[in-house]
Amino acid sequence: MTNNSKLQEIERKAFISYHGDGILDICIGSALLVMAFFIWLLPEFWFFVIGGLIGWISLYTGAKKLITAPRLGYVEFSSVRRRRIQNIMIAGVLMLVVFNILGVLAIINPIIGIFIFESAFTILIVGIIGAFVLALIGTMLNIRRFYSYSVVFLGVAVVTFFIPLILLLPLIVVSIVMLVYGLFLLYQFVQMYPKEARGEVTGA
Amino acid sequence: MPDEPSDGKFPIIDDFDRVIHEPARLIIMSHLYVLDRADFLFLKRQTGLTWGNLSSHITKLETAGYVEVIKKFIDRKPYTLIELTKEGREAFRLYQRQMKHVFEGLDE
């Protein structure tokens with residue numbers, strides 16, 4: 001109990017239980033699913049949709065306040081942990097900016113659009129980038145299930161490369177997996193941690 | 001807060017901080033050491049203590065000056081947050097060193 005690795009384990013356990021509600025999975029999964037359908041149905045507007053997905057962050061924080069805090073309690077993690085989350089958010093915003101620029105370029109110049117989005121290797125590049133991002137989230141947040149999502153994404157991308165199906169298949173599959181597993185975790189979380197009476201929550 | 005034993009000297013029972021040495025308080029202190037602050041409910045969930053136990057141990061730690069209990073409104077909801085004081089952090093570090101000293105070189 002007294003050595004540093006045990007203390008790190010305590011912090012990790014606290015952090016994992018805080019994210020054991022599946023809300024992060026549901027938010028990312030639903031955001032990706034909406035994005036996939038917009039790219040599919042309204043391809044000319046897809047880069048606007050990515051920008052709009054930043055709104056999912058407020059959905060996430062709202063759900064944490066509404067569901068997690070009354071059941072698991074309120075916690076502020078260490079500055080090291082908070083910096084990690086900030087870095088992920090910065091990386092996410094940068095990626096959105098890059099995708100937006102690519103989207104704008106593809107619309108302005110159809111030749112660039114064909115080069116970026118219709119090359120034979122596009123699906124593999126998308127698969128590697130997507131898998132890397134999901135694995136990065138898993139590493140930075142110490143949430144190991146994101147490694148599984150990463151493997152699913154890359155696996156479906158490779159299958160789609162060899163058996164040409166729709167280009168969006170990896171995105172659709174991983175978002176559905178995240179959404180379903182997130183809902184399962186949320187159900188488990190709500191069962192495990194019933195809402196406490198207000199006086200008890202405040203310790204009054 | 002007890003003094004740290006000099007190098008090479010095995011700590012005697014009086015060297016140990018009895019406030020921290022109690023298992024329930026040790027687990028509370030360990031959580032508060034790695035987290036910035038938490039409310040009663042979060043500590044209850046993480047430690048597995050009952051409300052009564054948790055409350056009495058927090059009171060003892062507060063009396064010793066190791067934790068601070070802060071009443072705060074977050075998003076218009078009242079929370080009672082607990083955080084380690086500077087003295088509490090130092091006392092925990094000292095306790096950590098003393099225990100390490102006791103068990104150093106022993107096989108598991």
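Residues numbered from 1 in each chain as written. Chains lettered and ligands numbered in written order. Predicted model: local features only at pLDDT ≥ 70, side-chain atom pairs only at ≥ 80, totals over all residues. Heavy atoms only, no water.

Draft legend 1. Geometry of the overall build of chain B. Within chain B, the secondary structure is distributed over five helices and three strands. Ordered by position from the N terminus, the helices and strands of chain B form the series α-α-β-α-α-β-β-α. Within chain B, the proportion of its 108 residues that are buried is 49%. A fraction of 56% describes how many contacts in chain B between residues 6 or more apart in sequence connect residues 24 or more apart. Split by element, the accessible area of chain B, about 5,900 Å² in all, is 51% carbon and sulfur. (Helix = DSSP H or I, 4+ residues; strand = E, 2+ residues; numbered from the N terminus. Buried < 20%, exposed > 50% of the residue type's maximum accessible area, 1.4 Å probe, protein only. Contact = heavy atoms within 4.5 Å. Areas by Shrake-Rupley, 256 points an atom, 1.4 Å probe, with all protein chains shown as cover.)

Draft legend 2. Just the overall build of chain A, in detail. Within chain A, the regular secondary structure consists of 10 helices and one strand. Each helix and strand of chain A, placed in order from N terminus to C terminus, yields the pattern α-α-α-α-β-α-α-α-α-α-α. When the 204 residues of chain A are sorted by exposure, 41% land in the buried category.

Draft legend 3. View of helix 1 (residues 4–18) of chain A. Under the 1.5 Å per step criterion, the end-to-end length of helix 1 of chain A is 21 Å for 15 residues, consistent within 8% with the ideal 21 Å. Residues of helix 1 of chain A that are buried: Leu7, Ile10, Glu11, Arg12, Ala14, Phe15, Ser17 and Tyr18 of chain A. (Expected span 1.5 Å × (residues − 1).)

Draft legend 4. Structural context of the confidence of the model for chain A. Residue and element names in this part refer to chain A. Looking at chain A as a whole, its pLDDT mean stands at 81, while 85% of the residues score no less than 70. Mean pLDDT in chain A bottoms out at helix 10 (residues 198–202), which sits at 48, and peaks at helix 9 (residues 169–192), which reaches 93. Low confidence marks residues 198–204, where pLDDT is under 50. Its contacts with residues over four positions away, or in another chain, come to 15 contacts. (pLDDT = per-residue confidence, 0-100.)

Draft legend 5. Looking closely at the pattern of salt bridges. Considering all chains together, one arrives at seven salt bridges over all chains under this definition. We note a salt bridge from Arg81 of chain A to Glu11 of chain A, for which the minimum N-O separation is 2.7 Å. Of this pair, Arg81 of chain A sits in helix 5 (residues 79–108) while Glu11 of chain A sits in helix 1, and the two are 70 residues apart along the sequence. Residue classification places Arg81 of chain A among the buried residues on the basis of a relative accessible area of 4%. In this structure, a network of salt bridges that share partners links the residues Glu76 of chain A together with Arg37 and Glu83 of chain B. (Salt bridge = Lys/Arg side-chain N within 4 Å of Asp/Glu carboxyl O.)

Draft legend 6. Representation of helix 8 (residues 145–162) of chain A within the structure. Helix length check: helix 8 of chain A (18 residues) gives 26 Å between terminal C-alpha atoms against 26 Å at 1.5 Å per residue, within 8%. On the buried face of helix 8 of chain A, the contacting elements are helix 2 (23–41), helix 7 (122–141) and helix 9 of chain A.

Draft legend 7. Looking closely at a nonpolar patch on the surface. Residues and elements named next belong to chain A. Side chains of Ile128, Leu154, Val158, Val159, Phe162, Ile163 and Leu165 sit close together on the surface and give an oily, nonpolar patch of about 650 Å² of accessible area. By residue number, the principal contributor to the nonpolar patch is helix 8, which donates four residues. Among the secondary structure elements, Phe162 is positioned in helix 8. (Patch = residues over 30% accessible without salt bridge, like charges linked within 9 Å, V, L, I, M, F, W, Y side chains within 5 Å.)

Draft legend 8. The arrangement of the side chain of Arg45 of chain B in detail. With respect to the element layout, Arg45 of chain B can be found in helix 3 (residues 40–47). On the accessibility criterion, Arg45 of chain B (18% relative accessible area) is buried. Filtering out sequence-adjacent residues up to four positions away, Arg45 of chain B remains in contact with Arg71, Leu72, Tyr193, Pro194 and Glu196 of chain A.

Draft legend 9. Quick look at the environment of Lys86 of chain B. Residue and element names in this part refer to chain B. Looking at where Lys86 falls in the secondary structure, it is placed in helix 5 (residues 86–103). Looking at Lys86, the relative accessible area reads 63%, which means it is exposed. Taking the C-alpha atoms as reference, Lys86 lies 9.9 Å from Glu68; in sequence the two are 18 residues apart.

Draft legend 10. Geometry of the interface of chain B and chain A. Every contact between the two is made by 30 residues of chain B and, on the other side, 31 residues of chain A. In this assembly, chain B and chain A are joined by two salt bridges. Salt-bridge contacts for Glu76 of chain A lead to Arg37 of chain B; the nearest nitrogen and oxygen are separated by 3.7 Å. Taken together, chain B and chain A are joined by eight residue pairs in polar contact (both at pLDDT 80 or more). Taken together, the elements giving at least two residues each to the side of chain B that touches chain A come down to helix 2 (23–34), strand 1 (35–39), helix 3, strand 2 (67–74), strand 3 (77–84) and helix 5 of chain B. Residue composition of the side of chain B that touches chain A, by class: 17 nonpolar, five polar and eight charged. For strand 1 (residues 75–77) of chain A and strand 1 of chain B, the ladder comprises three bridges, and the chain directions are antiparallel. For Val75 of chain A, the partnering residue across the bridge sits in strand 1 of chain B and is Ala38 of chain B. (Polar contact = N/O pair within 3.5 Å; in protein donor to acceptor, adjacent residues only side chain to side chain. Nonpolar A, V, L, I, M, F, W, Y, C, P; charged D, E, K, R; others polar. Pairing = 2+ DSSP bridges.)

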